[in-house]
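# Report on the structure
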Amino acid sequence: MPTFPPNALFAVAHLIARRMGSNEAEAQRVADHLVRANLSGHDSHGVGMLPAYVQMLKDGLLVPNQTPETVLDAGALLVIDARRGYGQRMAAEAVERAIERAKELGACVLALRNSAHIGRIGTYGEQATAAGCAFTAFVNVADIWPQQAPWASADGRVGTNPFCAAVPGTDGPALLLDMATTTIAAGKARVAYNKGVPVPDGALIDAHGAPTNDPTGFIRDRTGALLSFGRHKGSGLAVMCEIMAAAVGGGQRADQDAKGGVVNSMLATVIDLSKLGDPAAIAQGIEATKTHIRAARVAPGFEQILLPGEPERRSAARRKAEGIEVDATTWHDIRAAAETLGVTRAEIDQAAAG
Ligand code: NAD
């Protein structure tokens, strides 16, 4: 499997984003986001997304250098319509504004509507926690065929609808929960299909609603659906992500006409902890909670107790040292997508050489 140092993958992603039409700042933002997703272990949201973004660009469903529309700016309420702008920039800039507002007023509720795919939601949690803020986000996925079958249903009806919650610590995000509400993210089914390996039990149903481990139908033919994590509870959270981000926040809903892109909307809260209380006392409380949980006995069959965000930090440390593996199919697809933009093999290879 080709393995790349992070700066080489950054150069590849940056080159493709530039050729897609993004200005320098946007291309930097997109490439940085994608490589960080790879570093954190979420290849589903890393550079492997680029071929889909190129396709969305060609279909007019992703708009580089978009100017977002401020729909409402009323104290602690911010509503921003991204108008299918490049999601990694749209979301980061919207969260930046929400952080500024939270610094002023103590908290901000941000409704970001209708962005092209915003990627790994944890990135925005990290952005908020780096500024000393707590962060929550309900996110929906629309414009694509509905990929998640709610509890007891044999048909996809909502997206993989991620939820994120993050609090700052003394050394970066103390706790960062960032998850799809499906057992596995859709991109992980794509990665399994590309690698020719099965998906785990309980992750997928086929066109008839029966359990399956084979991602082929889902990825190649768009049949079947992903299952929610945690039975009816995960399904309920997925439904509320849909409601909060779309019906409440005003973004595109899963029941509305799908053009075949990926549209994310996000209802987020940002709380400046220095306005809420004593940040040192809050940090101490977080640390005490972590210590309390880690002090539990390790259950049979497990090696250790990890807290939300730890697997990603460990992955980042390992991949910074050892490089990021990109499976052969994904690497082929990235090169092929780049070629459709007029990027030559030599240019890609030069970027990939770091
Ligand atoms: P995952 O299942 O790998 O991890 C989910 C959460 O569980 C993380 O917070 C992680 O730190 C924690 N975790 C993992 N293993 C753990 C362990 N052993 N002990 C304790 N905690 C543990 O993530 P996922 O659900 O596959 O999501 C992957 C990514 O996909 C996320 O970054 C998410 O934002 C992204 N996503 C994006 C969209 C979109 O439309 N933009 C849609 C769905 C998912």
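Since we're looking at a predicted model, the values are computed, not measured.

Conventions we followed
- Residues numbered from 1 in each chain as written.
- Predicted model: local features only at pLDDT ≥ 70, side-chain atom pairs only at ≥ 80, totals over all residues.
- Heavy atoms only, no water.
- Helix = DSSP H or I, 4+ residues; strand = E, 2+ residues; numbered from the N terminus.
- Rg over C-alpha atoms; globule rule 2.2 N^0.38 Å.
- Buried < 20%, exposed > 50% of the residue type's maximum accessible area, 1.4 Å probe, protein only.
- Contact = heavy atoms within 4.5 Å.
- Areas by Shrake-Rupley, 256 points an atom, 1.4 Å probe, with all protein chains shown as cover.
- Lys, Arg positive; Asp, Glu negative; His and termini not counted.
- Charge placed at Lys NZ, Arg CZ, Asp CG, Glu CD.
- Patch = residues over 30% accessible without salt bridge, like charges linked within 9 Å, V, L, I, M, F, W, Y side chains within 5 Å.
- Salt bridge = Lys/Arg side-chain N within 4 Å of Asp/Glu carboxyl O.
- Pairing = 2+ DSSP bridges.
- Disulfide = S-S within 2.5 Å.
- Phe/Tyr/Trp six-rings, centres within 6.5 Å; stacked < 30°, edge-to-face > 60°.
- Polar contact = N/O pair within 3.5 Å; in protein donor to acceptor, adjacent residues only side chain to side chain.
- Core = buried A, V, L, I, M, F, W, Y, C linked by side-chain atoms within 4.5 Å.
- Domains from an automatic or database assignment.
- Buried area = accessible area lost by both parts, 1.4 Å probe.

### Points about the overall build of the chain
Along the chain, the regular secondary structure elements total 13 helices and 13 strands. Relative to its length of 354 residues, the chain is compact, with a C-alpha radius of gyration of 20 Å against a globular reference of 20 Å. Each principal axis of the C-alpha distribution contributes one length, and for the chain these read about 55 × 50 × 45 Å. The buried share of the chain, taken over its 354 residues, is 51%. The long-range share in the chain, meaning contacts at least 24 apart out of those at least 6 apart in sequence, stands at 68%. With the model as given, the accessible surface of the chain reaches about 15500 Å², and the carbon-plus-sulfur share is 55%. Measuring between centres, the 34 positive side-chain charges of the chain sit 1 Å from its 37 negative side-chain charges.

### As for a nonpolar patch on the surface
Taken together, Val71, Leu72, Leu77 and Val109 make up a surface patch of nonpolar side chains, about 270 Å² in accessible area. Checked against the element boundaries, Leu77 lands in strand 3 (residues 77-81). Look at Leu77 and you get partly exposed, because its relative accessible area is 40%.

### A closer look at helix 6 (residues 186-195)
Across the 10 residues that make up helix 6, a large majority, seven, are buried. Turning to helix 6, its buried residues are Ala186, Gly187, Ala189, Arg190, Val191, Ala192 and Asn194. The elements touched by buried residues of helix 6 are helix 7 (216-221), strand 11 (225-227) and helix 12 (328-340). Immediately downstream of helix 6, the backbone of Gly196 shows phi near 70°, a positive value.

### Brief notes about the sheet that holds strand 9 (residues 204-205)
Strand order in the open sheet formed by four strands is 6-11-9-10, with mixed pairing between adjacent strands. Edge strands, defined here as strands with exactly one partner in the open sheet, are strand 6 (148-149) and strand 10 (211-212). Taken together, the two bridges between strand 9 and strand 11 define a ladder with antiparallel strand orientation. Counted as the bridge partner of Leu204 is Leu226 from strand 11.

### So, the state of the cysteines
Applying the stated rule across the entire model yields zero disulfides. In this model Cys164 remains outside any disulfide bridge; the closest cysteine sulfur is found in Cys241, 11 Å from its own. Here Cys241 falls in the buried class, since its relative accessible area comes to 0%.

### Quick word on helix 3 (residues 50-58)
When we look at burial in helix 3, the residues that qualify are Leu50, Pro51, Tyr53, Val54 and Met56. Elements in contact with the buried residues of helix 3: helix 1 (6-19), helix 2 (24-39), helix 4 (87-105), strand 4 (107-116) and helix 12. Immediately beyond the C-terminal end of helix 3, within one or two residues, lies Gly60, with a positive phi of roughly 75°.

### Here's the deal with the packing of aromatic side chains
Applying the stated rule across the entire model yields four aromatic pairs. On the basis of an interplanar angle of 50° and a centroid distance of 4.7 Å, the ring pair of Phe4 and Trp331 is categorised as tilted. One end of the pair, Phe4, is in strand 1 (residues 3-4); the other, Trp331, is in helix 12, and 327 residues separate them in sequence. Across this residue pair, the class does not change: Phe4 and Trp331 are buried.

### Some details on the side chain of Asp272
Structurally, Asp272 is set in strand 12 (residues 263-272). Of the polar contacts made by the side chain of Asp272, one reaches the side chain of Ser274; its length is 2.9 Å. Setting aside residues no more than four positions away along its own chain, Asp272 makes contact with Ala102, Lys103, Gly106, Gly132 and Cys133.

### Details of the pairing of strand 2 (residues 69-74)
Taken together, the five bridges between strand 2 and strand 3 define a ladder with antiparallel strand orientation. Bridging across to strand 3, Ala74 finds its partner in Leu77. In this antiparallel pair of consecutive strands, strand 2 and strand 3, the connection spans two residues, and Gly75 shows a positive phi of 60°.

### Focus on the nonpolar core
In globular proteins that are soluble, nonpolar side chains generally tend to be buried together. Counting residues in each nonpolar core, the largest one holds 48 residues, and the members touching the most others are Ile16 and Tyr53. Among the elements of the structure, helix 1, helix 2, helix 3, helix 6, helix 12 and helix 13 (345-352) are those that each provide at least two residues to this core. Residue contributions to this core peak at six residues, all from helix 1. Both domains that furnish three or more residues to this core are identified here as domain 1 (1-58 + 323-354) and domain 2 (65-274). Contact partners of Tyr53, with chain neighbours within four places excluded, come to Met20, Leu34, Leu62, Tyr86, Gln88 and His117. Residues Ile80, Ala94, Met266 and Val270 belong to the second largest nonpolar core, which totals 28 residues.

### Quick word on the environment of Gln127
Looking at the secondary structure, you find Gln127 in helix 5 (residues 122-130). Spatially, the C-alpha atom of Gln127 lies 8.9 Å from that of Ile99, the residues being 28 residues apart in sequence. In this structure, Gln127 is in contact with Ala92, Val95, Glu96 and Ile99, ignoring residues within four places of it in sequence. Polar side-chain contacts of Gln127 include one of 2.9 Å to the backbone oxygen of Ala92.

### So, the domain arrangement of the chain
Under the domain assignment used here, the chain contains domain 1 (1-58 + 323-354) and domain 2 (65-274). Between the C-alpha centres of domain 1 and domain 2 the distance comes to 22 Å. Residue-level contacts link 24 residues of domain 1 with 24 residues of domain 2. At the boundary of domain 1 with domain 2, total buried surface from both sides reaches about 2100 Å², with 56% on carbon and sulfur atoms. Together, Glu26, Arg29 and His33 form the three largest contributors to the area buried by domain 1 at its contact with domain 2, with a combined 30%. Linking domain 1 with domain 2 are two salt bridges. Measuring nitrogen to oxygen at the nearest pair gives 2.5 Å for the salt bridge that ties Arg89 to Glu26. Counting across the domain 1 and domain 2 interface gives 12 residue pairs in polar contact (both at pLDDT 80 or more). If you list the elements that add at least two residues to the side of domain 1 that touches domain 2, you get helix 2, helix 3 and helix 12. When residues in the side of domain 1 that touches domain 2 are grouped by element, the largest group, six residues, is from helix 2.

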